[in-house]
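Now for the letters of each chain:
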Amino acid sequence: MSGHDKRDLLVTPSIPRKIFASTVAAVLGAAAVAGISAARADPADRLWDELQVRGGGCGTVENASLSEGARCLLGTGLTLLFDEGAGLANEYGKEAFGPRFRLVGKSAYSLDSNVIGLTGEIDAVIPFAGAEPSAAERPSGSALFLQQGVTHWRDDASEQRNDLRYGPVYRFRVSKAPDADILGLSLLQLQNAEWRHKVLVPGIDYAGRWGTGSLRHLIPTTGWRAGHPGWEERALGGTELSARVPLTTTLGVSATAYRRESETLTGRRTDGMRLGFRWHPHSWLHFGASYDRSRGGRDDVSFRVGFRMPLGSRAKPPRWEGLGVAAGGSAPDASELWRPVEGDSRIRTVAREAVSGLVAGAEVRFLQNSVESGGSILLEVVLSSPAPEDIAVDVRLVPGAGANPAVPGEDFVDEPVRLTIPAGASTGRVSVQLLRNDGLGENRSLSATVSLVS
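Presented here is an overview of the structure given in this document. (Residues numbered from 1 in each chain as written. Predicted model: local features only at pLDDT ≥ 70, side-chain atom pairs only at ≥ 80, totals over all residues. Heavy atoms only, no water.)

## Observations regarding the pairing of strand β12 (residues 269-282)
In step 1: Relative to β12, strand β11 (residues 251-261) runs antiparallel, the two sharing eleven bridges. Its bridge partner being in β12, Gly-252 is matched across the sheet by Arg-278.
In step 2: Looking at chain direction, β12 and strand β13 (residues 285-294) are connected through nine bridges and run antiparallel. Within the sheet, the bridge partner assigned to Gly-272 lies in β13 and is Ser-294. (Pairing = 2+ DSSP bridges. Helix = DSSP H or I, 4+ residues; strand = E, 2+ residues; numbered from the N terminus.)

## A closer look at the side chain of Arg-171
In step 1: Among the secondary structure elements, Arg-171 is positioned in strand β4 (residues 160-173).
In step 2: A relative accessible area of 0% places Arg-171 in the buried class.
In step 3: Polar contacts involving the side chain of Arg-171 include one to the side chain of Asp-205, which spans 3.0 Å.
In step 4: Only 2.5 Å separates the side chain of Arg-171 from the backbone oxygen of Arg-339, close enough to count as a polar contact. (Buried < 20%, exposed > 50% of the residue type's maximum accessible area, 1.4 Å probe, protein only. Polar contact = N/O pair within 3.5 Å; in protein donor to acceptor, adjacent residues only side chain to side chain.)

## What about the nonpolar core?
In step 1: By size, the foremost hydrophobic cluster in this structure holds 27 residues, and its most contacted members are Ile-377, Leu-379, Ile-391, Val-395, Leu-397, Leu-446 and Val-450.
In step 2: For this core, the elements supplying multiple residues, two or more each, are α4 (355-360), β16 (363-366), β17 (376-382), β18 (391-399), β19 (417-421), β20 (427-433) and β21 (446-452).
In step 3: Sorting elements by how many residues they give to this core places β18 first, with four residues.
In step 4: With near-sequence residues (within four places) excluded, Ile-377 lies in contact with Phe-366, Gln-368, Val-371, Leu-397, Val-430, Ser-431, Val-432, Leu-434 and Leu-446.
In step 5: Val-125, Val-169, Trp-338 and Val-341 belong to the second-largest nonpolar core, a separate cluster that totals ten residues. (Core = buried A, V, L, I, M, F, W, Y, C linked by side-chain atoms within 4.5 Å. Contact = heavy atoms within 4.5 Å.)

## A short note on the pattern of salt bridges
In step 1: For the coordinates displayed, the defined rule picks out 25 salt bridges.
In step 2: Residue Glu-233 pairs with Arg-161 through a salt bridge whose shortest N-O separation is 3.1 Å. With Glu-233 in strand β9 (residues 231-235) and Arg-161 in strand β4, this pair connects stretches of sequence that are 72 residues apart. (Salt bridge = Lys/Arg side-chain N within 4 Å of Asp/Glu carboxyl O.)

## Things to note about the sheet that holds strand β8 (residues 225-226)
In step 1: The strand order β8-β9-β15 describes an open sheet built from three strands, whose pairing is antiparallel. Two strands close off the open sheet at either side, each with one partner strand: β8 and β15 (349-353).
In step 2: Bridging between β9 and β15 involves five bridges; their strand directions are antiparallel. Within β15, the residue paired with Glu-233 across the bridge is Ala-351.

## Considering the side chain of Thr-270
In step 1: Looking at where Thr-270 falls in the secondary structure, it is placed in strand β12.
In step 2: For Thr-270, a relative accessible area of 18% corresponds to the buried category.
In step 3: With sequence-adjacent residues up to four places away left out, Thr-270 is seen in contact with Tyr-258, Arg-259, Arg-260, Ser-262, Ser-294 and Arg-295.

Read these as layout, nothing more, since geometry by itself doesn't imply function.
Structure representation (structure tokens):
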């Protein structure tokens, strides 16, 4: 009985999740279009003029094609709607929740050959207590509010991700003095809209005369989730300690030390340091640079340039401030009490091939070229990569593809044999006893399949 014949493996197709594609920019843009006529005079003319100003560079990009220019204009228009919608929502929020309500957001556009590279984030500060100033119009000594926000970004595979966050924030001055330093406590829940990852983020932040600092601890509360077909992913945890120091009114530096789970499947943690530099010479213009070095990893250097001009006319345009003047030494004002919790709110993940994909691509090998009727055969199941956990599979003998296939019930028992491949192993072996067929007069072919135990 020959064991050389092979049959295609049984593959259970996986159904991908629907990708949540709507963005905050589109929502706010719709709100702006729907309600702007009631909020401001001549909105169409003003928006058109603003779009012409912002989109003036789209047609002057060197070697830019018509499609690239169209994408640039579309991205500029969406960014404009984001800004206008955020301003309108901020006005409505103050009417509903009081003057301490804040809506803080930023958007960015990058030219991409396939998609509109619109990314951004927005946070709402909804006051619970301490919203009204004291009778003497002094800054309030504490703040309790609910923070809600979303970050829209693209991962390394250019896939859209929307990470939501919400939770209470409490800040207070460390003494009764109106100019005392400020300490804050927060407990945010991060949740990814596409794959339902959840991360709990308790944090502490501090604002003093010479800068600000924060400590955050990221605790994933979900395990492996089905991702793209044949793959699954899990949120990563870690700890971040950061400090920001203003050198002048327009120059600032920051440093972040972090320890987080590795984005590989080694199970090790990654320690690193990130240094940042910012220059804000004009209220409409800012520059930034960062250097990220991790132990055992690579060094990353990034540069950013941002231009942000608010809508609406100004009686006196802001002036160029250059390198600014010396900063530090002044007490934090009341706005520090009500600012949203800062920090990278993207949920970082690690991916691995799903167990179903590993078994679907597994190979079953006969460890003998032939065996006599009634004998015992040894089979080996080979995975494409080590098992991430103990995997239980069913190995089943089936008729071969040759001219004279084996017959179930005569040559072998048509029942599966259970095999467990331990975590970290890529192979497993199982022995199967054949039926003795005294009437067998010629060789017959035999094959085998493997399937995941459901």
